[in-house]
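Chain by chain, the residues run as shown.
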Amino acid sequence: MHFPDSLARGVAPVRPGTLHARTVTGGVKAAPQSGAVVRFGRAGKPEVDLGVGEDDLHVSRRHGELTYRRRQWWLRNTGQQLVRLPRGRFLHATTDPIPLAAGYTPLFVKGCGHREHLVELYVSGHDDEGLIPRRRADTLPPKIWPLDDVERLLLVILGRRYLLYEENPRPLTYRQAADYLADIRREEAWGERKIEARVETVRRRLDASGFPFPLIHDMATGRPCDNNLLHNLLRGLVDSTTLVPTDLELVEDDPHA
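Quick caveat: nothing in here was measured; it's all calculated off a predicted structure.

1. Quick notes on the sheet that holds strand S3 (residues 37-41)
Now for step 1: Pairing in this open sheet of five strands is mixed, and the strands run S4-S3-S5-S6-S9 from one edge to the other. Each edge of the open sheet is held by one strand with a lone partner, namely strand S4 (50-51) and strand S9 (98-99).
Now for step 2: Relative to strand S6 (residues 72-77), strand S5 (residues 64-69) is paired through six bridges, and the arrangement is antiparallel. Bridging across to S6, Tyr-68 finds its partner in Trp-73.

And the structure:
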């Protein structure tokens with residue numbers, strides 16, 4: 001059985017700014033010329049250039065388009081369903097177009113039920129060298145963020161649901177964490193404020209070290225919920241394997257989870 005190559009494998013060297021787009025039904029390539037447009041959706045040619053979700057009535061006939069202007073390709077959702085991008089970003093038909101960065105970008109068109117239809121995009125850059133196999137090269141390890149023993153214990157308690165890889169996990173509250181610590185470390189005084197202050201110290205330190213998710217309040221735009229920043233911290237620590245399921249051995253089963 002033949003499977004089409006994925007654009008995630010890279011593309012052959014070509015003029016910088018060239019757009020490559022692929023779905024399970026085929027692919028297109030477009031030169032970086034002002035006003036160039038590539039459309040994708042359920043309809044066939046000439047209504048769209050690239051078919052996606054051809055058997056799914058929840059996908060619009062013209063679901064999205066890419067337009068070259070100001071020396072970039074701009075993505076716009078023209079369909080009724082959302083388009084999902086990496087890192088949890090969504091595009092609605094009312095959302096402003098966004099520019100594509102050089103390199104690989106997968107996007108997913110929401111369809112019927114839990115179906116999502118993949119559209120692969122690749123914008124050639126100036127330093128593209130094409131696919132270079134590195135089958136025997138050493139694997140690059142993930143970035144592990146430094147935590148001391150107390151910080152790890154607190155974050156394992158707060159992030160138990162993340163370490164169980166639950167769907168859409170959220171952190172325990174500082175109150176829940178304090179109650180749990182009162183059960184397992186009765187000789188130590190761990191109140192809500194003390195835990196919050198220790199977690200804030202971790203957030204500030206890792207934010208200054210280039211953590212991939214926002215960890216600090218942006219006071220210029222108002223004070224966001226601290227729970228969102230704690231979610232970012234736990235998500236990044238689990239994604240990087242700084243925290244792993246075996247860390248749950250540091251604590252007993254949490255009765256407050």
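Here the narrative resumes.
2. Here's the deal with the confidence of the model for the protein chain
Now for step 1: For the protein chain, mean pLDDT is 89; residues scoring 70 or higher make up 91% of the total.
Now for step 2: Looking at the elements of the protein chain, mean pLDDT is at its lowest for helix H5 (residues 226-239), recorded as 91, and at its highest for S3, recorded as 97.

3. Examining the nonpolar core
Now for step 1: Of all hydrophobic cores here, the largest spans 32 residues; its most connected members are Leu-158, Ile-195, Leu-233, Leu-237 and Leu-243.
Now for step 2: Among the secondary structure elements, those contributing two or more residues to this core are helix H1 (149-158), helix H2 (160-163), helix H3 (174-184), helix H4 (192-208) and H5.
Now for step 3: For this core, the element with the most residues is H1, which contributes six residues.
Now for step 4: Beyond its immediate stretch of four places on either side in the chain, Leu-233 contacts Leu-155, Val-199, Val-202, Arg-203, Leu-206, Phe-211 and Leu-215.
Now for step 5: If you look at the next biggest cluster of nonpolar residues, it comprises 23 residues, including Ala-36, Val-52, Leu-66 and Trp-73.

4. Thoughts on the packing of aromatic side chains
Now for step 1: Tallied over the entire structure, the rule returns three aromatic pairs.
Now for step 2: Across the ring face of Trp-190, the terminal group of Lys-194 is positioned such that the distance to the ring centre comes to 4.4 Å.
Now for step 3: Between Arg-235 and the ring centre of Phe-213, over which it is positioned, the NZ or CZ distance is 3.9 Å.

5. Things to note about the packing of H3 against H4
Now for step 1: Packing of H3 against H4 leaves a shortest axis separation of 8 Å and a crossing angle of 110°. When the axes of H3 and H4 are compared, the pair comes out roughly perpendicular. Crossing of H3 against H4: the hand is right-handed. Of the residues in H4, those touching H3 at Tyr-174, Arg-175, Ala-177, Ala-178 and Leu-181 are Glu-192, Ile-195, Glu-196 and Val-199.
Now for step 2: Here the residues of the contact of H3 with H4 are counted per class, giving six nonpolar, no polar and three charged.

How each quantity is defined
- Every chain's residues receive numbers from 1 upward, in the order its sequence appears when written.
- In view of the model being predicted, local features appear only for residues whose pLDDT reaches at least 70, and side-chain atom pairs are presented and counted only at 80 or more, with totals across whole chains, interfaces and linings using the full set of residues.
- Hydrogens and waters are ignored; side-chain quantities use all the structure's heavy atoms.
- Should DSSP find at least two bridges between two strands, the strands are taken to pair.
- Helix and strand definitions here come from DSSP, where helices need a minimum of 4 consecutive H or I residues and strands a minimum of 2 consecutive E residues; each element is numbered from the N-terminal end.
- On a scale of 0 to 100, pLDDT captures the predictor's confidence in every residue.
- Definition used in this section: a nonpolar core is a set of buried Ala, Val, Leu, Ile, Met, Phe, Trp, Tyr and Cys residues joined via side-chain atoms within 4.5 Å.
- Working definition: with a 1.4 Å probe on protein chains only, accessible area under 20% of the residue-type maximum means buried, over 50% means exposed, and in between means partly exposed.
- Two residues qualify as a contact provided that any one of their heavy atoms is within 4.5 Å of a heavy atom in the partner residue.
- Each pair of aromatic rings taken from Phe, Tyr and Trp, with Trp reduced to its six-membered ring, is defined by centres within 6.5 Å and is described as stacked if the planes are under 30 degrees apart, edge-to-face if over 60, and tilted in the remaining cases.
- Any Lys NZ or Arg CZ that is within 6 Å of a ring centre and within 35 degrees of that ring's normal is treated as a charge sitting over the ring.
- Between N-to-C directions, angles span 0 to 180 degrees; the directions come from axes that are lines fitted to C-alpha atoms, helices contributing only their stretch in contact.
- In these notes the angle categories are as follows: under 35 degrees is roughly parallel, over 145 is roughly antiparallel, 65 to 115 is roughly perpendicular, and the rest is oblique.
- Here a crossing is called left-handed whenever its near helix is offset anticlockwise from the far helix by less than a right angle, and right-handed whenever the offset is clockwise.
- Here the term charged refers only to Asp, Glu, Lys and Arg, the term nonpolar to Ala, Val, Leu, Ile, Met, Phe, Trp, Tyr, Cys and Pro, and the term polar to all other amino acids, Gly among them.

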